[in-house]
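What follows is each chain in one-letter form.
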Amino acid sequence: MCTGWCEERCTSSRSGGRQTGKGVDLPSWLCVSILFLALWGQASPQCPDSCHCAWDTATVLCTDAGLREIPEGIPPDTVSLHLERNYIRNIPESAFSNLVHLRDLYLSHNRIDSLASGALRHLGPEVRLLDLSYNQLRQASREEFGSTRAKTRLYHNPWHCDCALQELMETLNLEPETVNGIICESSVRGLGEGSRWEDPGSQGEHAGQSLVKLLDSGVNFCSLQRKTTDVAMLVTMFVWFFMVIVYVVYYVRQNQAEARRHLEYLKSLPSPRKTPTETDTLSTGF
């Protein structure tokens, strides 16, 4: 390998090589340089496939790379990670747990429709921007995001507005410029919208409205969900109570019918007749 070649060159140069003005053997200097470059190349981090790494700014560019999942081998000293405009569908748990220096995470214009529990929980306190816009997210909760305080973009997703999303909105540090772009494509159904089990394709009365504006106007999805759950429980209890009553009535009527049939059977039996011995005894007495 290079080490053996360099040692051979250095030995030959010491025996009869030409000296420079500073007293350093020129072939020896070249040999040391080659060794340094070889060792630096082996120690330096590798860039993920289909990505470009700018080592001077610790930026990893994987934009428009045709990726279908989070790439492996992202350098741990990455500061800015660009994964936008790919075909990523989900973010697994602890996908970025080793990126302790990460500050900007761009995941927009993908097909992300689910986040594993704790997928973004391990983002460090240094993260200042989290971009999840232009994806296919419908539901999310605080468990997936953890305690991150990064400025977050969630607009242009087909959100289903419910209590979990409301609690998430109250927790995250949303980007003010884009917060009105978080639109409810569907929502939990209120008490005045009929049964929860009817018309499952209905989008709810808040569909097409900005979630932030709905919350500012006093809409409370957690309250709606609790009321709907209470009504569902009452309906379920009523149905069970009605079924018990029906069974009891049916049971009593069946017993009455059985009792009548038994009584009619007893009446249909012939009455017992007196034996001849009893008749002769009575005649002799008279």
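Residues numbered from 1 in each chain as written. Predicted model: local features only at pLDDT ≥ 70, side-chain atom pairs only at ≥ 80, totals over all residues. Heavy atoms only, no water.

## Focus: the overall build of the chain
For step 1, the next point in the chain: Check the secondary structure of the chain and you find seven helices and 11 strands.
For step 2, the next point in the chain: Looking at the chain as a whole, 35% of its 286 residues qualify as buried.
For step 3, the next point in the chain: If you sum the accessible surface of the chain, you get close to 18800 Å²; carbon and sulfur atoms cover 56% of it. (Helix = DSSP H or I, 4+ residues; strand = E, 2+ residues; numbered from the N terminus. Buried < 20%, exposed > 50% of the residue type's maximum accessible area, 1.4 Å probe, protein only. Areas by Shrake-Rupley, 256 points an atom, 1.4 Å probe, with all protein chains shown as cover.)

## Some words on empty space enclosed by the protein
For step 1, the next point in the chain: Across all of its chains, the model carries one cavity of 30 Å³ or more by this definition.
For step 2, the next point in the chain: For the largest cavity, the calculated volume is near 40 Å³.
For step 3, the next point in the chain: Taken together, Cys 53, Ala 54, Trp 55, Ala 58, Thr 59, Val 60, Pro 75, Asp 77 and Thr 78 form the lining of the largest cavity.
For step 4, the next point in the chain: For the lining of the largest cavity, the elements supplying multiple residues, two or more each, are strand 1 (52–54) and strand 2 (59–61). (1 Å grid on protein atoms, 1.4 Å probe; cavity = no way out; pocket = protein on both sides within 12 Å on 5 of 7 lines; lining within 4 Å. Points joined across faces, edges and corners; volume = space filled by probe spheres on them.)

## Some details on the pattern of salt bridges
For step 1, the next point in the chain: For the structure on display, the rule yields five salt bridges.
For step 2, the next point in the chain: Asp 104 is the salt-bridge partner of Arg 128, the closest N and O atoms lying 2.9 Å from each other. Of this pair, Arg 128 sits in the loop between strand 6 (114–115) and strand 7 (129–131) while Asp 104 is found in strand 5 (residues 104–106), placing the two residues 24 residues apart along the sequence.
For step 3, the next point in the chain: Of the charged contacts, one joins Arg 142 and Glu 167 as a salt bridge, the two residues approaching to 3.4 Å between their closest N and O atoms. (Salt bridge = Lys/Arg side-chain N within 4 Å of Asp/Glu carboxyl O.)

## Notes on the packing of aromatic side chains
For step 1, the next point in the chain: Inspection of every chain in the model, using the stated rule, returns one aromatic pair.
For step 2, the next point in the chain: Between Tyr 134 and Tyr 155, the ring centres sit 5.6 Å apart and the planes meet at 75°, which makes this aromatic pair edge-to-face. A residue pair is termed long-range when its members are at least 10 positions apart, and Tyr 134 in the loop between strand 7 and helix 3 (142–145) and Tyr 155 in the loop between strand 8 (151–153) and strand 9 (159–161) qualify at 21 residues.
For step 3, the next point in the chain: A residue is classified by how much of its surface remains accessible, and Tyr 134, at 33% relative accessible area, is partly exposed.
For step 4, the next point in the chain: Given a relative accessible area of 17%, Tyr 155 falls into the buried group.
For step 5, the next point in the chain: Here the guanidinium or amino end of Arg 68 rests over the ring plane of Tyr 87, the centre of that ring lying 5.3 Å away. (Phe/Tyr/Trp six-rings, centres within 6.5 Å; stacked < 30°, edge-to-face > 60°. Lys NZ or Arg CZ within 6 Å of the ring centre and 35° of its normal.)

## Focus on the sheet that holds strand 10 (residues 173–174)
For step 1, the next point in the chain: Taken in spatial order, the seven strands line up as 1-2-3-5-7-8-10 in an open sheet, and their pairing is mixed. Single-partner strands in this sheet number two, and they are strand 1 and strand 10.
For step 2, the next point in the chain: As paired strands, strand 8 and strand 10 are joined by two bridges and run parallel to one another. Looking at the pairing, Lys 151 lines up with Asn 173 of strand 10. (Pairing = 2+ DSSP bridges.)

## Side note on the side chain of Gln 166
For step 1, the next point in the chain: Within the secondary structure, Gln 166 sits in helix 4 (residues 163–171).
For step 2, the next point in the chain: A distance of 2.8 Å separates a polar side-chain atom of Gln 166 from the backbone nitrogen of Phe 221.
For step 3, the next point in the chain: If we skip the residues at most four places from it in the chain, Gln 166 touches Leu 215, Val 219, Asn 220, Phe 221 and Cys 222. (Polar contact = N/O pair within 3.5 Å; in protein donor to acceptor, adjacent residues only side chain to side chain. Contact = heavy atoms within 4.5 Å.)

## Looking at the confidence of the model for the chain
For step 1, the next point in the chain: Residues with a pLDDT of 70 or more make up 70% of the chain, whose mean pLDDT is 78.
For step 2, the next point in the chain: Here residues 191–200 scores under 50 on pLDDT; set against residues more than four positions off or in separate chains, the count is 14 contacts. (pLDDT = per-residue confidence, 0-100.)

## Notes on unusual backbone geometry
Note on backbone geometry: most residues besides glycine have negative phi, and most peptide bonds are trans.
For step 1, the next point in the chain: In the Ramachandran plot, Ser 50 falls in the positive-phi region, its phi being about 65° despite a non-glycine side chain.
For step 2, the next point in the chain: If you trace the backbone, Ser 50 turns up in the loop between helix 2 (26–43) and strand 1.
For step 3, the next point in the chain: One non-glycine residue, His 156, lies in the positive phi region at around 60°.
For step 4, the next point in the chain: With respect to the helices, strands and loops of the structure, His 156 is situated in the loop between strand 8 and strand 9.
For step 5, the next point in the chain: Residue class for His 156 comes out partly exposed when judged on its relative accessible area of 44%.

## Side note on the environment of Gly 66
For step 1, the next point in the chain: As for its placement among the helices and strands, Gly 66 is situated in the loop between strand 2 and strand 3 (80–82).
For step 2, the next point in the chain: Each C-alpha atom of the pair Gly 66 and Ser 50 lies 8.2 Å from the other, and the pair is 16 residues apart in sequence.
For step 3, the next point in the chain: Setting aside residues up to four positions removed in sequence, Gly 66 forms contacts with Asn 86 and Tyr 87.

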